[in-house]
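Descriptive analysis of the structure
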Amino acid sequence: PPALQLTSARSPHKKMSVLHGIPPTSSMQRHSSIYHQRGYYYHQPSLQKVCGGRNPRAAVVGACSALAIDEAEGVTSTTKQSQDDEAQYVLQTYGRARNDVVFVRGEGCHLVDAEGRRYLDMAAGIAVNVLGHSDPGWVKSVRDQAGELCHVSNLYHTPQQATLARKLCESSFADRVFFCNSGAEANEGAIKFARKYARLRTNFDANWEQGLLDKILRRGPPTKFVSFERSFHGRTMGALQLTYKKQYKTPFAPLMAGGTESLPFGDLDAVARTLRSGNVAGVFVEPVQGEGGVLASDAAFLKGLRELCDETGALLIFDEVQCGLGRCGALWAHQTYDVEPDILTTAKPLAGGLPIGAVLMKQKVADAMSAGDHGSTFAGGPLVCAAANYVFDTVSAPAFLSEVQRKGDALQTKLRAKLEGIPGVVEVRGRGLLVGVQLDRPAGPVCESMRTESNVLAITAGAGDVLRLVPPLIISDAEIDTAVDAVAKAVTATA
């Protein structure tokens, strides 16, 4: 019956039927290829409501039969309806392929689609699901908090936000935190904070005579930013100005006033020339570039940036939206370089799948900001901070981080061994569990082959020629082996 709810589960059909007091029948066996393969079981309260306690077995068999399958295409109605609705109603900015993958649930490092197929997830929602899917402790934290309080805005105090702020500061260089809802928002906040700091640092408003001279000479406070080739900092207007790829920016020009110098990644001489112009408010850099192709900074480069920022007064801003919070084997990626920023942005993994962002900063930056200078309605709400506190407590444990480093080393070592001698493989590189395989051709066909032939999910990076592997940080050694085999098979098949 239409009112009968179908809920995803992992148990065999016989166990499910016994659990709900419904002995398996030959009819149920005949339909097991539908409801067992698809991973559904029947929600007992709904079953009782629909059946009224009368003949529940017939209701189950009927519901199994009603799980419509389009025999011509071999996909469930769930898959077709989702694809049709997406095509008709969702703005087409993502270029999703018209395939039979519609995900309905996840567990650990695996996702399951509406057809019941299981996939090893080496993308983790683009480096978001660090604890995998449906981690029991994470689910409990979210459920418990949802039953208490979800949202009050930032007009009021909440303990979950205050606790998370304390943990973030005590684990890092930072003295203060500003919460937001995404990585792009975090970088937008960092832009504003750096500009306000630069305005005060130069006494542009306080020094009337100098301010008047600057106006006569058409000068202003430092407003420019430095970012680097192959960088990615987001798609909102300010963050987009910092991002390297022209195809992301050109259709929306002009972007942020004040401008950005995009310099070669690792070129300290170019940075020095730009910073010494006196018009730079801040330098944005990813300690490890993810979208840019999994490129790790050189320690001398980051230390040189620190020295040049100290010399010129510009702020050093680390974008750790993708590479931070355990991904590279340390809690913060920059900690492996022994260099501290003035501002750090984080987002993706912090709440384990719920939207959150944060800007960590030193007190001198915080002192430049006043009440009303920046804000957000949803940022740092009780629900998302409850999730983030759980994620932070789990990921920040020394034993957990040590395992990330070990597994990252193992993944790279096994990839190099397995891919040796295969045409088209240029390099395997990365930090921790942020790993890239550089190819001499587009990596998109490799990702597609991995998905269709091995049920393993991966994504691209760089100029589309890097296979990017960013699995949940809880990945097992056996799952690493599965992923390595899938990569080798796909690279060979697409050579």
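Placed above this text is the structure.
To start, this report covers the structure provided alongside it. For clarity, every value in this text was computed on a predicted model and none was experimentally measured.

So, on to the overall build of the protein chain. Within the protein chain one finds 19 helices and 21 strands. In the protein chain, the proportion of contacts linking residues at least 24 apart, taken out of those at least 6 apart, comes to 70%. Total accessible area on the protein chain stands at roughly 22400 Å², and carbon and sulfur atoms take up 53% of it.

For the rest of this paragraph, the subject is the sheet that holds strand 20 (residues 459-461). Read across the open sheet, the 4 strands follow the order 17-18-21-20; overall the sheet is antiparallel. Two strands in the sheet have a free side with no partner beyond their single neighbour: strand 17 (425-431) and strand 20. Strand after strand, the sheet turns through a mean of 30° between neighbouring axes, direction not considered. As paired elements, strand 18 (residues 434-439) and strand 21 (residues 466-469) share 4 bridges and run antiparallel to each other.

Let us now look at the sheet that holds strand 11 (residues 280-285). Spatially, 7 strands are ordered 8-16-15-14-11-9-10 in an open sheet, and the strand pairing comes out mixed. Of all the strands in the sheet, the pair left with one neighbour each is strand 8 (176-180) and strand 10 (260-263). Each adjacent strand pair in this sheet contributes to an overall mean axis angle of 20°, direction not counted. Looking at chain direction, strand 11 and strand 14 (residues 315-319) are connected through 4 bridges and run parallel. Residue V285 lies in a different strand from strand 14, and its bridge partner there is F318. Along the sheet face, helix 9 (residues 183-201) touches strand 8, strand 9 (224-228), strand 11, strand 14, strand 15 (343-346) and strand 16 (357-361) and points at about 150° away from the line of strand 11. Sitting on the sheet, helix 13 (residues 268-275) touches strand 9, strand 10 and strand 11, and the angle it makes with strand 10 is about 165°.

Let us look at unusual backbone geometry. A cis amide bond links A253 to the next residue, P254, at an omega of 0°. With a phi close to 50°, A124 is a non-glycine residue in the positive phi region. Residue placement: A124 occurs in helix 6 (residues 124-127). Its relative accessible area of 0% is what places A124 among the buried residues. We note that R230 has phi near 70°; this positive angle belongs to a residue other than glycine. As for its placement among the helices and strands, R230 is situated in the loop between strand 9 and helix 11 (237-242). Residue class for R230 comes out partly exposed when judged on its relative accessible area of 36%.

Evaluation of the coordinates by the stated rule reveals 7 aromatic pairs. Where F103 meets Y119, the ring centres are 5.4 Å apart and the plane angle is 90°; that geometry is what we call edge-to-face. With F103 in strand 5 (residues 103-107) and Y119 in strand 7 (residues 118-121), the pair connects residues that are 16 residues apart, well separated along the chain. With relative accessibility at 35%, the residue F103 sits in the partly exposed group. Overall, the relative accessible area of 2% leaves Y119 in the buried class. Ring plane angle 75° and centroid distance 5.6 Å describe the contact between F265 and F301, whose orientation is recorded as edge-to-face. Taken together, the residues F265 in the loop between strand 10 and helix 13 and F301 in helix 14 (residues 299-312) connect sequence positions 36 residues apart. Accessibility assignment for this pair places F265 and F301 in one class, buried. Linked through ring pairs, F228, F265 and F301 together constitute an aromatic cluster. For R235, the ring lying beneath its charged end belongs to Y248, and the centroid distance is 4.2 Å.

In this section: the packing of helix 13 against helix 14. Their axes nearest at 10 Å, the elements helix 13 and helix 14 cross at an angle of 15°. Considering their axes alone, helix 13 and helix 14 lie roughly parallel with respect to each other. In the crossing of helix 13 with helix 14, the sense of the turn from one axis to the other is right-handed. Contacts between helix 13 and helix 14 pair L268, V271, A272 and L275 from the former with A300, F301, G304, L305, L308, C309 and T312 from the latter. In terms of residue class, the contact of helix 13 with helix 14 is made up of 9 nonpolar, 2 polar and no charged.

For the rest of this paragraph, the subject is the pairing of strand 5. Along a regular strand, successive side chains alternate from one face of the sheet to the other. Bridging between strand 5 and strand 6 (residues 110-113) involves 4 bridges; their strand directions are antiparallel. Looking across to strand 6, one finds that G106 is bridged to L111.

With that out of the way, let us pick up helix 14. Since the α-helix advances by 3.6 residues per turn, residues separated by three or four positions end up pointing in the same direction. The end-to-end C-alpha separation of helix 14 is 20 Å, in line with the 20 Å expected for 14 residues at 1.5 Å each. What helix 14 keeps buried is the set F301, L302, G304, L305, R306, L308, C309 and T312. Looking at the packing, one finds that the buried side of helix 14 touches helix 9, strand 9, helix 13, strand 11 and strand 14. For helix 14, the N-terminal capping position is held by D298, with its side-chain oxygen 2.8 Å away from the main-chain nitrogen of A300. After helix 14 finishes, the residue G313 shows a positive phi value of roughly 90°.

Here we come to the side chain of N389. The residue N389 is located in helix 16 (residues 382-395) in this model. Separated by 3.5 Å, the side chain of N389 and the backbone nitrogen of L164 make a polar contact.

To continue, consider the pairing of strand 11. Here strand 11 lies mainly inside the structure; 6 of its 6 residues are buried. The sheet contact formed by strand 9 and strand 11 spans 3 bridges and is parallel. The residue bridging K224 from the neighbouring strand is V280, located in strand 11.

Cut-offs applied
In this numbering scheme, every chain counts its residues from 1 along its sequence in written order. Predicted model: local features are reported for residues with pLDDT of at least 70 only, side-chain atom pairs are reported and counted for 80 or more only, and whole-chain, interface and lining totals are derived from all residues. Only hydrogens and water are set aside; all other atoms, that is, all heavy atoms of the structure, feed into the side-chain values. Only DSSP runs of H or I with at least four residues qualify as helices, and only runs of E with at least two residues qualify as strands; both kinds are numbered from the N terminus onward. Working rule for contacts: check all heavy atoms of both residues, and any pair within 4.5 Å makes them a contact. In this description, accessible areas are obtained by the Shrake-Rupley approach with a 1.4 Å probe, and a residue is regarded as covered only by the protein chains that are shown. For two strands to be treated as a pair, DSSP must find no fewer than two bridges joining them. Lines fitted to the C-alpha atoms define the axes, with helices restricted to the stretch that makes contact. Angles between their N-to-C directions range from 0 to 180 degrees. Throughout this description, buried means an accessible area under 20% of the type-specific maximum (1.4 Å probe, protein chains only), exposed means over 50%, and partly exposed covers the range between. In summary, the pairing rule links any two rings of Phe, Tyr or Trp, Trp by its six-membered ring, whose centres are within 6.5 Å, and it sorts them by plane angle into stacked for under 30 degrees, edge-to-face for over 60 and tilted for everything else. Throughout this description, the term charge over a ring refers to an Arg CZ or Lys NZ atom that lies within 6 Å of the ring centre and within 35 degrees of the ring normal. Here the angle decides the label: under 35 degrees means roughly parallel, over 145 means roughly antiparallel, 65 to 115 means roughly perpendicular, and every other value means oblique. It is the rotation of the near helix from the far one that decides the hand of a crossing: anticlockwise by less than a right angle makes it left-handed, clockwise makes it right-handed. Residue polarity follows a fixed list, in which Ala, Val, Leu, Ile, Met, Phe, Trp, Tyr, Cys and Pro are nonpolar, Asp, Glu, Lys and Arg are charged, and the others, Gly among them, are polar. By this rule the span expected of a helix is its residue count minus one, scaled by 1.5 Å. Any pair of N or O atoms that falls within 3.5 Å is considered a polar contact. Within protein, one atom must be able to donate a hydrogen and the other to accept it, and sequence-neighbouring residues count only if both atoms are side-chain atoms.

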